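Per-entry structural report
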Amino acid sequence: MHGVCNLNTRISIISDLRRHYLFASLPADVLMKIVESGRLTRLEDAEVLFRKGDTGDFFFCVMDGSIQIRVDTEPGKYHLMNTLSAGAVFGEVALLDGMARTADAVALGSTQLFTLHRNDFRKVLIDECQLEEQLIRLLCERVRWISEQVEQKDRAKAELRKLSQAVEHSPTIVMITDRSGVIEYVNPKFSSITGWNREEVVGKTPQILNSGLTAREVYSDLWQTILSGAEWHGELSNKKKD
């Protein structure tokens, strides 16, 4: 870690900041104040810039390398948000006093960042520059929107787990194929009835069950129906593994 003092370094950081809409319209003297208030920080792979609940730096610009933003979903588990590469700016974590952090920031590989303390950010951008309150609210809404998206994904995953369990324990055979007819999944009932275990059939086609007792027209009608998005009803005379 070292202070920002080199003029060329300052100009480079200002150039990176201008890529972000929050800073694009700010005059050069204001951007220079921001740069002079911050510092360069070097993180090694998997090193944490901040964790949820930490105080201190809350705004940063990725100079080189990349940062992974993670949102906690439950104890020991988290949702991976966007990976921030060189030039990216992240300042939406806690723009207003009392607003809790929502994410952890972890380095992917060796990463250099320009960081700015929250008090300096407030002084330079909000108090002196009178950053529009509407923009501040917009950034805070984005944090809440991200949190809501994570919650929705968690609910969807929970529903998917319930559906998966229902399929796994279904009293009838369930087979899932891709549009080419290649088997991607079979449930335990398939194995108990046919004698084929899951590992033996995944990657193959239902042709392995063909007994020769079902007319070709039936298969043709089946595929035309289900590929059109409709439900097919009928009977197949298949054979077991033995």
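Calculation criteria
- Residues numbered from 1 in each chain as written.
- Predicted model: local features only at pLDDT ≥ 70, side-chain atom pairs only at ≥ 80, totals over all residues.
- Heavy atoms only, no water.
- Helix = DSSP H or I, 4+ residues; strand = E, 2+ residues; numbered from the N terminus.
- Buried < 20%, exposed > 50% of the residue type's maximum accessible area, 1.4 Å probe, protein only.
- Contact = heavy atoms within 4.5 Å.
- Areas by Shrake-Rupley, 256 points an atom, 1.4 Å probe, with all protein chains shown as cover.
- Core = buried A, V, L, I, M, F, W, Y, C linked by side-chain atoms within 4.5 Å.
- Polar contact = N/O pair within 3.5 Å; in protein donor to acceptor, adjacent residues only side chain to side chain.
- Salt bridge = Lys/Arg side-chain N within 4 Å of Asp/Glu carboxyl O.
- pLDDT = per-residue confidence, 0-100.
- Pairing = 2+ DSSP bridges.

Some details on the overall build of the protein chain
Within the protein chain one finds seven helices and nine strands. The buried share of the protein chain, taken over its 242 residues, is 36%. Partitioning the contacts of the protein chain with sequence separation of at least 6, the portion at a separation of at least 24 is 63%. A total accessible area of about 14,500 Å² is found for the protein chain, and carbon and sulfur atoms account for 51% of it.

Remarks on the nonpolar core
Ranked by size, the top nonpolar core spans 16 residues in total, and within it I13, L17, F23, L31, I34, F59 and F114 carry the most contacts. Those elements giving two or more residues to this core turn out to be α1 (7-17), α2 (28-37), β4 (57-74) and β7 (104-117). The greatest single-element share of this core, amounting to four residues, is contributed by α2.

So, the side chain of Q68
When you line up the elements, Q68 lands in strand β4. There is a polar contact of 3.2 Å between the side chain of Q68 and the side chain of T83.

Focus: the pattern of salt bridges
Using the criterion set out here, one finds five salt bridges in the structure. Here D64 makes a salt bridge to R42, at a shortest N to O gap of 3.0 Å. Of this pair, D64 sits in strand β4 while R42 sits in strand β2 (residues 39-43), and the two are 22 residues apart along the sequence. On the basis of relative accessibility, which here comes to 26%, the residue D64 falls in the partly exposed class. Notably, a salt bridge pairs E200 with K241, separated by 2.5 Å at the nearest N-O pair.

Notes on the confidence of the model for the protein chain
Overall, the prediction assigns the protein chain a mean pLDDT of 79, with 74% of residues at 70 or greater. Confidence over residues 92-100 falls short of pLDDT 50; this stretch has 27 contacts with residues more than four positions distant or in other chains.

Here we look at the pairing of strand β9 (residues 183-186)
As paired elements, strand β8 (residues 175-177) and β9 share three bridges and run antiparallel to each other. Of the residues in β9, the one forming a bridge with T177 is I183. Following β8, the chain reverses through five residues before pairing antiparallel with β9; G181 in that reversal takes a positive phi of roughly 90°.

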